[in-house]
Protein chains: 2
Amino acid sequence: MASDRRIFHNNEACPVRNVVAQIGDKWSLLILFALTDGAERFNALKSRIEGISQRMLTQTLRDLEREGYVDRTVYPEVPVRVEYALTEMGRDIVKPLYELVVWADKHQPKIEQARKIYDKKVSST
Amino acid sequence: MASDRRIFHNNEACPVRNVVAQIGDKWSLLILFALTDGAERFNALKSRIEGISQRMLTQTLRDLEREGYVDRTVYPEVPVRVEYALTEMGRDIVKPLYELVVWADKHQPKIEQARKIYDKKVSST
DNA sequence: CAGCATCCGCCACGATACTG
DNA sequence: CAGTATCGTGGCGGATGCTG
C-alpha cells in the first residue's frame, strides 16, 4: 500500500541489499575493475591490487564467480595457468560502478573538507 | 609510469577505496535512499529501514554526517525534534547509486540462477 | 523523542605455513 | 603457479538498559 514507506525490505530476496552485501566488501569492486582490461591470471591480479592477500583474493574471486560476475578458466599446463575474466554480467555491473568511481574521484576534496569541519565542530564540544 | 598497472592505490587518499568503505557497509545506502524524499526524523527513519537497530542508525548517521552526505538539525522543542536531510553532496551521490539500484533490481534473477548453477557444479565435485 | 553506554558473538580480514 | 589450511584479531553489528 501507499502508506508503507519502508524501503528495500529486509529479506534475502531484496536485490539491493544483496548487491550491496556482495560488492560492498573491501575487495570486490577492485577486482572487478582490475578485470576490465581483459582476463588476468591469479598472480597478475594479486600484484595489480595493492594490499590484497592471497586468501582474500581467492575467496573474493570465488564469491564473484558464484554470483556470476567472473569466469574462471583453468589451462592444464605445467605449471598450471588460471585466468579470470568478467562475464557479460560482470562487464555489465561495471558500468554503474564506474559512475561511482568517477564520482568518488571528483568529490574527494569535498569529503576531506567535510571531515575536517565535522571533527573541528565535535572537538569544540 | 605506464608499466604500473596497479589500480586504486592502497592509501588513505584513495577516493575509491574511501567511498566504498563508507557507503559499502550494511546501512549507509539504505539511509541515503530513505532521505531522498525529503528530511526525516530519527524514528521515522528507523521505521522506514527494516531491521536497523537504534545503535546502527545513530552510528551510521554520524558517519554520513561526518563525510558530508547528511545534515543534522536539532529543533529545541519539547520533546526534542531532530531532522536528517541530504546535503547537496548527499543528493549528488544518490544519482550514481541509483543506477546501481536499478541494475540490482533488473539482474536479480540472473544472479540467483548463477548461484544455483555454481552450487550444483561445486557439490558435484 | 532521540539518543548514549555497555556487553558480547561472530565473521571479515590478515599472517603464516604448507601443497598439487 | 595457484592455490588450501589454520590460527589470531579487530571491529561490525545486535541486544539490552538507561537518560536529558
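Residues numbered from 1 in each chain as written. Chains lettered and ligands numbered in written order. Predicted model: local features only at pLDDT ≥ 70, side-chain atom pairs only at ≥ 80, totals over all residues. Heavy atoms only, no water.

By the naming in an unreviewed UniProt entry, chain A goes by HTH hxlR-type domain-containing protein and is assigned to Pseudoalteromonas aurantia 208.

Visitor: Describe the interface of chain B and chain A, naming the residues involved and giving the relevant values.
Guide: Each partner contributes to the interface: chain B provides 54 residues, whereas chain A provides 54 residues. The junction of chain B with chain A conceals about 5,100 Å² of combined surface from both sides, 61% of it contributed by carbon and sulfur atoms. Of all residues in chain B, the largest losses of buried area upon contact with chain A belong to Glu50, Arg66 and Trp103 of chain B, amounting jointly to 14% of the total for that side. Counting the contacts that link chain B with chain A gives 12 salt bridges. Across the salt bridge formed by Glu40 of chain A and Arg5 of chain B, the nearest N and O atoms sit 3.0 Å from each other. Between the two partners, chain B and chain A, sit 24 residue pairs in polar contact (both at pLDDT 80 or more). Those elements that place two or more of their residues in the side of chain B that touches chain A are helix 1 (15–23), helix 2 (28–34), helix 3 (42–48), helix 4 (54–67) and helix 5 (88–123) of chain B. (Contact = heavy atoms within 4.5 Å. Buried area = accessible area lost by both parts, 1.4 Å probe. Salt bridge = Lys/Arg side-chain N within 4 Å of Asp/Glu carboxyl O. Polar contact = N/O pair within 3.5 Å; in protein donor to acceptor, adjacent residues only side chain to side chain. Helix = DSSP H or I, 4+ residues; strand = E, 2+ residues; numbered from the N terminus.)

Visitor: Lay out the protein's contact with DNA strand D in plain terms, naming residues and giving numbers.
Guide: Around DNA strand D, 18 residues are found, and the nearest of them are Arg41, Arg62, Arg72 and Tyr84 of chain A together with Arg55 of chain B. Across the atoms of DNA strand D situated within 4 Å of the protein, the share located in sugar and phosphate is 61%. Contacts to DNA strand D include Arg41 of chain A, whose side-chain N or O atom sits 2.9 Å from a phosphate oxygen. Note that a base oxygen of DNA strand D is positioned 3.1 Å from one of the side-chain N or O atoms of Gln54 of chain A. Counting only elements with at least two residues in the surface near DNA strand D, the list comes to helix 3 (42–48), helix 4 (54–67) and strand 3 (81–86) of chain A together with helix 4 of chain B. With 4 residues, the top contributor of residues to the surface near DNA strand D is helix 4 of chain A. Counted by class, the surface near DNA strand D contains 7 nonpolar, 5 polar and 6 charged residues. (Near = heavy atom within 4 Å. Nonpolar A, V, L, I, M, F, W, Y, C, P; charged D, E, K, R; others polar.)

Visitor: Give a detailed account of the sheet that holds strand 1 (residues 40–41) of chain B, specifying residues and quantitative values.
Guide: Residues and elements named next belong to chain B. In spatial order, the strands read 1-3-2; together these 3 strands make up an open sheet with antiparallel pairing. Taken across any chain shown, the strands that pair with only one partner, and hence form the sheet edges, are strand 1 and strand 2 (70–75). Seen against the sheet, helix 4 touches strand 2 and strand 3 (81–86) and runs at an angle of roughly 115 degrees to strand 2. (Pairing = 2+ DSSP bridges. Axes fitted to C-alpha atoms, helices over the stretch in contact; angles between N-to-C directions.)

Visitor: An account of the UniProt feature "domain: HTH hxlR-type" (unreviewed entry) in chain A is needed here, citing residue identities and associated values.
Guide: Cross-referencing UniProt, the feature "domain: HTH hxlR-type" (unreviewed entry) maps to residues 14–112 of chain A in the present numbering. Across residues 14–112 of chain A, the secondary structure splits into 63% helix and 14% strand, with the terminal C-alpha atoms separated by 33 Å. (UniProt positions renumbered as here; feature names shortened; annotations may be inferred.)

Visitor: Could you give an account of unusual backbone geometry, with specific residues and numbers?
Guide: Residue and element names in this part refer to chain A. In this structure, Pro79 follows Val78 across a cis peptide bond, with omega equal to 0 degrees. You will see that Phe8, though not glycine, has its phi angle at about 50 degrees, which is positive. Relative to the elements of secondary structure, Phe8 occurs in the segment before helix 1 (15–23).

Visitor: Just give me the short version of helix 4 of chain A, but keep the residues and values in it.
Guide: For an α-helix the count is 3.6 residues per turn, leaving residues at separations of three or four pointing the same way. All names here are of chain A. The end-to-end C-alpha separation of helix 4 is 20 Å, in line with the 20 Å expected for 14 residues at 1.5 Å each. Buried within helix 4 are the following residues: Leu57, Thr60, Leu61, Leu64, Glu65 and Glu67. Taken end-on, helix 4 shows its buried residues confined to a sector of 160 degrees, consistent with a single buried face. The first or second residue beyond helix 4 is Gly68, which carries a positive phi of 95 degrees. (Expected span 1.5 Å × (residues − 1). Buried < 20%, exposed > 50% of the residue type's maximum accessible area, 1.4 Å probe, protein only. Arc of directions from axis to C-beta.)

Visitor: Which residues make up the pairing of strand 3 of chain B, and what are the values?
Guide: All names here are of chain B. Of all 6 residues in strand 3, 5 are buried; the element is thus mostly enclosed. Sheet topology places strand 1 next to strand 3; 2 bridges connect them, and they run antiparallel. Within strand 3, the residue paired with Arg41 across the bridge is Glu83.

Visitor: Before we move on, could you go through the relation of the copies chain B and chain A and cite the residues and values that matter?
Guide: Here two copies of a chain appear, and what relates them is a rotation about an axis with a shift along it. Here chain B sits on chain A after a turn of 180 degrees about the axis and a move of 0.0 Å along it, with an RMSD of 0.1 Å. Each copy turns onto its partner about a two-fold axis. For chain B, the residue whose C-alpha comes nearest the rotation axis is Gly24 of chain B, separated from it by 2.0 Å. Looking at chain B, 100% of its interface residues are interface residues in chain A too, so the copies touch through the same face. (Least-squares fit on C-alpha atoms with pLDDT ≥ 70 in both.)

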